[in-house]
Amino acid sequence: MNKKALYLLIAVIFFSAVAGIGYYLYFRNDLPDVRETEGSLFVSAAKTDQLQRYFKKIGYDMLPHLKEKKPLPRLFVQSVPKDFNKEKYDDVRPALFFEMMTPIILKANEALASEREQVLSLRKEFDENGDLTPESMEELNKWITRYDVKPSDDIDTLFNILIPRVDGVTPTLLLTMAAEDSGFGTSRYAREYNAVFNQRDWNGNGAIPDEKQKEGPQYRIKIFPSLYEAVVSQIHYLNTNGYFENYRMARAKYRRSHNLMRGYSVAHLLINFPYRPMKYPDIIKHLILQYEITPLDSQILEPVKTTTE
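Remember, it's a predicted structure, so these values are computed and weren't measured experimentally.

What counts and how
- Throughout, residues of each chain are indexed from 1 in the direction in which the sequence is written.
- Totals for whole chains, interfaces and linings use all residues, but because this is a predicted model, local features are given only for residues with pLDDT of at least 70 and pairs of side-chain atoms are given and counted only at 80 or more.
- Just so you know, side-chain values use all the structure's heavy atoms and leave hydrogens and water out.
- Note on pairing: two strands pair once DSSP finds at least 2 bridges between them.
- Helix and strand assignments come from DSSP, with helices taken as H or I runs of at least 4 residues and strands as E runs of at least 2, each series counted from the N terminus.
- The convention used is that axes are lines fitted to C-alpha atoms, helices contributing only their stretch in contact, and that angles between N-to-C directions extend from 0 to 180 degrees.
- By definition in these notes, contact holds between two residues if any of their heavy atoms fall within 4.5 Å.
- Per-residue accessibility, obtained with a 1.4 Å probe over protein chains only, is compared with the maximum for each type, and a residue is labelled buried under 20%, exposed over 50%, and partly exposed between these values.
- Put simply, buried Ala, Val, Leu, Ile, Met, Phe, Trp, Tyr and Cys residues joined by side-chain atoms within 4.5 Å make one nonpolar core.
- A pair is scored as a salt bridge if a Lys or Arg side-chain nitrogen falls within 4 Å of a carboxyl oxygen belonging to Asp or Glu.

Caption draft 1: Looking closely at the pairing of strand β2 (residues 40-43). In this sheet, β2 lies alongside strand β1 (residues 34-37) in antiparallel orientation, the contact comprising four bridges. Opposite V34, over in β2, you have V43 as the bridge partner. Between the end of β1 and the start of β2, which pair antiparallel, lie two residues, with E38 showing a positive phi angle near 50°. The pairing of β2 with strand β3 (residues 75-77) spans three bridges and is classified as parallel. Bridging across to β3, V43 finds its partner in V77.

Caption draft 2: Region of the structure containing the sheet that holds β2. Spatially, β1-β2-β3 is the arrangement adopted by the three strands of the open sheet, whose pairing is mixed. Of all strands in the sheet, those bounded by a partner on one side alone are β1 and β3. Adjacent strand axes in the sheet meet at a mean angle of 20°, parallel and antiparallel pairs treated alike. Most of the contacts of helix α2 (residues 48-57) go to β3, to which it runs at about 180°, and overall it touches β1, β2 and β3.

Caption draft 3: Spotlight on unusual backbone geometry. Notably, K69 is not glycine yet its phi reads approximately 55°, a positive angle. Relative to the elements of secondary structure, K69 occurs in the loop between α3 (62-67) and β3. Backbone geometry at N194 places phi at a positive 60°, although glycine is not the residue there. The topology assignment puts N194 in the loop between α8 (188-193) and β4 (200-201).

Caption draft 4: Quick peek at the environment of D148. Note that D148 resides in the loop between α5 (134-146) and α6 (155-162). On the accessibility criterion, D148 (54% relative accessible area) is exposed. The residues touching D148, leaving out its near neighbours within four places in the chain, are R165 and T240.

Caption draft 5: A look at the nonpolar core. Counting residues in hydrophobic clusters, the biggest one holds 72 residues, and the most contacted among them are F97, L140, F159, L162, M177 and V196. Broken down by element, this core gets its largest block of residues, 13 residues, from helix α4 (residues 93-129). Among all residues touching M177, those that are not within four sequence positions of it are V196, F197, Q234, L238, L270, F273, Y280 and I284. Core analysis: the next-biggest nonpolar cluster, separate from the first, contains six residues, Y189, Y193, A207 and Y219 among them.

Caption draft 6: Seen up close, the pattern of salt bridges. Under the defined criterion, the tally for this structure stands at 14 salt bridges. Residue R93 pairs with D90 through a salt bridge whose shortest N-O separation is 2.9 Å. Overlapping salt bridges bring together R116, D167, R251 and R255 as one network.

Laid out in structure tokens, this is it:
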């Protein structure tokens, strides 16, 4: 082989290697890191483009799922992308935000359903025996503490106050509250701290807010390690704060009648939501109608996949 041919061969090998490495590095970073556990996919912090590509790769598009009444995948995104506020995503952002948040909300409501079953089991024990064992009483005390129920010597009263609090929250309400409060995930609080609901902390913890505060006690914005924790915290707030007693009463009434509660129908019960304008319920109702997401109130996640030996 002459020198010219040898140099040409070396050049081809070199540029092929560079191209191969570049291709590998590009596509390795083209998708977010995903961990699969017990049939669920957990998507680590990612850029918006990476999230879009991954959703496309696995065929996740919420609209067909709604039209065909198909369960949503157990796909849980950890954080709002840091670049979610870029102008180039304006057209796709609402759909992507709903796709990102809905499985998380359904997962949180599943956890509430499990807690509710545990409380109802205690209630059944009390109804059948007229009392609770010391172990069951200890468990009940755990629940009344968690759900901020005032202690009472009357166990029946405790259950009557506790049970309406241990329940899931209407998905479209949570979705539209998160969308409105965070600007569809574009706010600094959402992108840096997963604070899609702008929850306030009065104990000196969290992020210093951008807005100027009045004199007196100062608040901070609660910080969450994941979107799931943010949703769980918001559900707990709605389930325990006195401002939402009417919402909880309506939810209990719907349960007794075995009817599905729609977010649009009960949004007016958010009229006294702290730190929100009086028109907040109208904004929530408008978003539900504008984006036609009412079917999400009856949406479910895919069953948990189990492996057999």
